[in-house]
Amino acid sequence: MEAARMDPADALAELSRIRLDEVALDDVLARVAELANRAVPGSVHVSVSLVQAGANRAIAYTSDLARSLDEWQYAHDDGPCLDASVSAGSVSLPDLADEPRWPGWAARARAAGVQSSLSIGLPIQEAVTGALNVYGGTTHAFDKASIELAEEFAAYAAVALANAHLYESTATLARQMQEAMRSRAVIEQAKGIIMGQRRCSAEEAFTLLAKLSQDSNRKLREVAEALVARAAVR
């Protein structure tokens, strides 16, 4: 059953009233998932995944289907949620019937009634990352406005995750955030190199990086660093 729709401004206002220092992390993320599902046009299922110390889990979800689609990715170490977590970017799959990067996961999702998806990375710390995953029941469910709105909800999830780890020293947290930013920067550098060499779009460049990562069984950041290093010595 589809959740009752909600005005995006009202949903974001409700999130802004949550006292992160007074509410448990799981409860905050469950509320983020619920409100995103009700406010993002085209959404029928939402989950928030967490990657910490090499362990992946769906920490909040609006349905068992959303959880199962995330858990399939963890079990197979393959899928858009994981790539979004690594890249700290947004991975949009408008039509799962035409998705060559993750055919196994896409086929499972389509069999469950999901036709499109959107995963937005949450760059928190080097050891703690995650993604907000939004699933659509139709192809091309998420337009530019929907993606931007989902990114706003992801920002709340990121703040909640960061807040949960404030017991660490300010200096340590700053170093980890800087490292997350550097990881994203080197991925953007690598995309720029590919775009220049192949005269392709940014999305096509990221797709190629993701495929190289998958084929070589290396993290996306490591593939990007290697590409940038090779370009620097030419």
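Above this text is the structure in question.
Residues numbered from 1 in each chain as written. Predicted model: local features only at pLDDT ≥ 70, side-chain atom pairs only at ≥ 80, totals over all residues. Heavy atoms only, no water.

> It is not clear to me how the overall build of the protein chain should be interpreted in this structure. Could you clarify?
Of regular secondary structure, the protein chain possesses nine helices and five strands. Its helices and strands taken in sequence order, the protein chain reads α-α-β-β-α-α-β-α-β-β-α-α-α-α from the N to the C terminus. By residue count, 45% of the 234 residues in the protein chain fall in the buried class. Counted over contacts in the protein chain with a minimum sequence separation of 6, partners at least 24 positions apart contribute 61%. (Helix = DSSP H or I, 4+ residues; strand = E, 2+ residues; numbered from the N terminus. Buried < 20%, exposed > 50% of the residue type's maximum accessible area, 1.4 Å probe, protein only. Contact = heavy atoms within 4.5 Å.)

> I tried to follow the pattern of salt bridges on my own but got confused; where do I start?
Side chains that differ in sign of charge can pair as their charged atoms come close. According to the stated counting rule, one finds eight salt bridges in the structure shown. Between arginine 38 and glutamate 34 there is a salt bridge, with the nearest N and O atoms lying 4.0 Å from each other. With arginine 38 and glutamate 34 both in helix α2 (residues 25–39) and four residues apart, this pair spans about one turn of that helix. The partly exposed category is assigned to glutamate 34, whose relative accessible area is 33%. Between arginine 101 and glutamate 99 there is a salt bridge, with the nearest N and O atoms lying 3.0 Å from each other. Using a relative accessible area of 13% as the deciding quantity, one classes arginine 101 as buried. For glutamate 99, a relative accessible area of 9% corresponds to the buried category. What emerges from the salt-bridge pattern is a single network uniting Glu14, Arg31, Glu34 and Arg38. (Salt bridge = Lys/Arg side-chain N within 4 Å of Asp/Glu carboxyl O.)

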